[in-house]
Amino acid sequence: MSQKKIFLILVAITTVSFLLHHGGHLSWTMEALRLGCLSVRFSFSPDGGSSQPKHISVVFLKTHKTASSTVQNILYRFAERNNLTLALPITACDHQFCYPRLFSSHFVHPHTMPPHIITNHMRFSHSEVRRLMPNDTVYVTILREPGAMFESLFSYYNQYCQSFKRVPNGSLETFLNQPWSYYRPKEKDSMYARNTLTFDLGGDKDRPSADATSYAKRFAAEVERTFSLVMIAEHFDESLVLLRRLLSWDLEDVLYVKLNMRTASSKSSLSSELMDKIRAWNAIDAELYDHFNASLWRQLKAIGLACVAREVQLLRRARDQLVRSCFGGRLPQLRSAAQITNKELRPWQPSNKVAIVGYDLPANISKNGTGLPQDMCLKLIMPEVQYTRLLLRSESLRYRNRFPLRSSQQTLKHHGELSFLSSTQRSL
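Residues numbered from 1 in each chain as written. Predicted model: local features only at pLDDT ≥ 70, side-chain atom pairs only at ≥ 80, totals over all residues. Heavy atoms only, no water.

## Quick notes on the overall build of the protein
(1) Moving on: Looking only at helices and strands, the protein has 16 helices and seven strands in total.
(2) Moving on: For the protein, the proportion of its 428 residues judged to be buried stands at 51%.
(3) Moving on: Looking at the protein as shown, the accessible area adds up to about 20500 Å², and 53% of this sits on carbon and sulfur atoms. (Helix = DSSP H or I, 4+ residues; strand = E, 2+ residues; numbered from the N terminus. Buried < 20%, exposed > 50% of the residue type's maximum accessible area, 1.4 Å probe, protein only. Areas by Shrake-Rupley, 256 points an atom, 1.4 Å probe, with all protein chains shown as cover.)

## A look at the sheet that holds strand 1 (residues 58–61)
(1) Moving on: With parallel pairing, the five strands of this open sheet are ordered in space as 2-3-1-4-5. Every other strand in the sheet has two partners, leaving strand 2 (86–87) and strand 5 (229–232) as the edge strands with one partner each.
(2) Moving on: Where strand 1 lies against strand 3 (residues 117–118), two bridges are found, and the strand directions are parallel. Note that in strand 3 the partner of V59 across the bridge is I118.
(3) Moving on: In this fold helix 3 (residues 68–81) packs onto strand 1, strand 2, strand 3, strand 4 (138–143) and strand 5, with an angle of close to 160° to the strand it touches most, strand 1. (Pairing = 2+ DSSP bridges. Contact = heavy atoms within 4.5 Å. Axes fitted to C-alpha atoms, helices over the stretch in contact; angles between N-to-C directions.)

## With respect to the environment of T226
(1) Moving on: Position of T226 among the secondary structure elements: in helix 9 (residues 209–226).
(2) Moving on: Its relative accessible area of 16% is what places T226 among the buried residues.
(3) Moving on: Residues in contact with T226, not counting those within four places in the same chain, are F124, H126 and Y139.

## Topic: the state of the cysteines
(1) Moving on: Overall, the coordinates contain two disulfides when judged by the stated rule.
(2) Moving on: One disulfide in the model links C93 with C98; its S-S distance is 1.7 Å. The sign of the -60° torsion about the S-S bond sets the C93-C98 disulfide as left-handed.
(3) Moving on: Note on C93: relative accessible area 6%, which makes it buried. (Disulfide = S-S within 2.5 Å.)

## Quick notes on the side chain of D360
(1) Moving on: Examined against the element boundaries, D360 turns out to sit in the loop between strand 7 (356–357) and helix 14 (374–380).
(2) Moving on: Although D360 is buried, it makes no salt bridge; R335 carries the closest opposite charge, 5.3 Å away.
(3) Moving on: A polar contact of 2.6 Å, which involves the side chain of D360, links it to the backbone nitrogen of T341.
(4) Moving on: Look past the residues within four positions of D360 in its chain and what remains in contact with it is F327, R335, Q339, I340, T341, N342, L345 and I381. (Lys, Arg positive; Asp, Glu negative; His and termini not counted. Salt bridge = Lys/Arg side-chain N within 4 Å of Asp/Glu carboxyl O. Polar contact = N/O pair within 3.5 Å; in protein donor to acceptor, adjacent residues only side chain to side chain.)

## Focus: helix 9
Note: α-helices contain 3.6 residues per turn, so residues at a spacing of three or four share the same orientation.
(1) Moving on: Along its 18 residues, helix 9 runs 26 Å from first to last C-alpha, staying within 8% of the 26 Å computed at 1.5 Å per residue.
(2) Moving on: Considering bend angle alone, the principal kink of helix 9 is centred on Y215 and spans about 30°. (Expected span 1.5 Å × (residues − 1). Bend = angle between axes of the 7 residues up to and from the residue.)

## Details of the packing of aromatic side chains
(1) Moving on: The tally for this structure, following the rule as stated, stands at 26 aromatic pairs.
(2) Moving on: Where Y99 meets Y192, the ring centres are 6.3 Å apart and the plane angle is 35°; that geometry is what we call tilted. Linking Y99 in the loop between strand 2 and strand 3 with Y192 in the loop between helix 7 (172–177) and helix 8 (196–200), this pair joins segments that are 93 residues apart in sequence.
(3) Moving on: Here Y192 falls in the buried class, since its relative accessible area comes to 7%. (Phe/Tyr/Trp six-rings, centres within 6.5 Å; stacked < 30°, edge-to-face > 60°.)

## Details of the pairing of strand 1
(1) Moving on: Side-chain alternation along strand 1 places V58 and F60 on one buried face and V59 and L61 on a second face that is also buried.
(2) Moving on: In the sheet, strand 1 pairs with strand 4 via four bridges, with the strands oriented parallel. Bridge pairing links F60 to V140 in strand 4.

## So, the packing of helix 10 (residues 236–247) against helix 12 (residues 283–303)
(1) Moving on: As a packed pair, helix 10 and helix 12 sit with axes 10 Å apart at the nearest point and diverge in direction by 65°. Taken together, the axes of helix 10 and helix 12 are roughly perpendicular relative to one another. The hand of the helix 10/helix 12 crossing is left-handed. Contacts between helix 10 and helix 12 pair E238, S239, L242 and R245 from the former with L296, Q299, L300 and I303 from the latter.
(2) Moving on: In the contact of helix 10 with helix 12, the residues fall into four nonpolar, two polar and two charged. (Parallel < 35°, antiparallel > 145°, perpendicular 65-115°, else oblique. Left-handed = near helix turned anticlockwise from the far one by under 90°. Nonpolar A, V, L, I, M, F, W, Y, C, P; charged D, E, K, R; others polar.)

Shown next as structure tokens:
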């Protein structure tokens, strides 16, 4: 028997042995063989590692009301597991990079530099982000269907955005009937009331109507040149398939639970007429969404829809298994903030008119015999504000241990900047 045949037999035996010891992947692998999915990178290889090194330089532009908090949580946990540095906002910016100001590298806390990952809210400035990140950085963002997104924005920011606050009875329909009666482009928080996605991406939310369509097409092309992947909230799991493959991550790296959700009573149903009015009022956002929704499906079809569907099924199965392990064998129940006993898990409530729900861990989680650390389960469901503060404490402690002298010097240097930023934010 030739050496080549002996080598192939050994590879086959090793691969089958590996698959037999990883039963959760076996059915997917056999199906992948049948469907011709082997041209696509797997989340594992026979040596127990990823087929390629995991990509660790990532910028995720966190947009508003698009399921971006769930993606952010995925990135937070990935960074912690892999001992990576997350860029976090300076104290004066709270948990966002001084949004709605255009992003500046000065908004990044010095104890979180240089970063591997950026994922907190910002108004995107590619030139400023490039000052912090290496040339091989992968840029990702997420969009949502404009009708559902605007309804969520109107509900969530009703007590903060003046364009919404002055609407009689807080009626979305009333606003859409005569938006210019309530909307003031230069007003504080006006970015929540028109073309919010465009604004977050660094674009012009108030482009004149005559130029809006052509501007949207040019802007979509600009976004496409920068961002390797634009996820779509309505196809979240399919988007995660593309994200995982793009970054050469394992399936376990993209497991999640949904975060920052409203109760059903906080949501309004939209007629087709209202949906049309929302799209007309947010014409640039609508153009962006249509462009990148079509782009997403072209990428999925290039993989093969049968392969994508099978991987989505595997992802959901693994996610449910993880969640059940954290919640005593059951899927978790959504709870109001008042029902959550652990204050570190209580989601922020924008107003008494909107209820944001979250989760609480079972009291006996450490004794459930699953082998999952309590800390892992806790961070899976931890809201953005609390998780960001926890990470900043952790990053600052690590930085001080590594650079004790530099830490004290930078504290003095940034004291003046913090005071300046605080005063300018109050004037916005």
